[in-house]
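Examining the three-dimensional arrangement
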Amino acid sequence: MGLVLILMIFVSIVTLGIIERRISRRRFEVSRQRLQQLQKDSADDVEEPIQLSRNSS
């Protein structure tokens, strides 16, 4: 009986590890796509240079 419980714990730990790995992979891919989209959007936006007044020191 003890061996069955140890086996069940081991199988559940491995199963949860696999599930967490899949979830984290999906989150990573979504984050990567968002970052690429932000980089693409920021590359399209051209920043105007800041013009300082003549009186500034």
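All figures in this text were calculated on a predicted structure; none of them were measured in a lab.

**Some remarks on the overall build of the chain**
- The helix and strand tally for the chain stands at one helix and zero strands.
- The C-alpha atoms of the chain give a radius of gyration of 26 Å, which is well past the 10 Å a tight globule of 57 residues would have.
- With the C-alpha coordinates aligned to their principal axes, the bounding extent of the chain is approximately 85 × 25 × 5 Å.
- Sorting the 57 residues of the chain into buried and exposed places 0% on the buried side.

**What about a positive patch on the surface?**
- Together, Arg21, Arg22, Arg25 and Arg26 make up a region of like positive charge exposed at the surface.
- Along the chain, Arg26 turns up in helix 1 (residues 2–44).
- Given a relative accessible area of 59%, Arg26 falls into the exposed group.

**A closer look at the environment of Val11**
- Position of Val11 among the secondary structure elements: in helix 1.
- Given a relative accessible area of 44%, Val11 falls into the partly exposed group.

**A word on a nonpolar patch on the surface**
- Residues Leu7, Phe10, Val11, Val14 and Ile18 make up a contiguous nonpolar surface patch of about 460 Å² in total accessible area.
- Among the structural elements, Leu7 can be located in helix 1.
- Of the residues examined, Leu7 reaches a relative accessible area of 52% and is grouped as exposed.

Reading guide: rules and limits
- Residues numbered from 1 in each chain as written.
- Predicted model: local features only at pLDDT ≥ 70, side-chain atom pairs only at ≥ 80, totals over all residues.
- Heavy atoms only, no water.
- Helix = DSSP H or I, 4+ residues; strand = E, 2+ residues; numbered from the N terminus.
- Rg over C-alpha atoms; globule rule 2.2 N^0.38 Å.
- Buried < 20%, exposed > 50% of the residue type's maximum accessible area, 1.4 Å probe, protein only.
- Patch = residues over 30% accessible without salt bridge, like charges linked within 9 Å, V, L, I, M, F, W, Y side chains within 5 Å.
- Areas by Shrake-Rupley, 256 points an atom, 1.4 Å probe, with all protein chains shown as cover.
- Salt bridge = Lys/Arg side-chain N within 4 Å of Asp/Glu carboxyl O.
- Lys, Arg positive; Asp, Glu negative; His and termini not counted.
- Charge placed at Lys NZ, Arg CZ, Asp CG, Glu CD.

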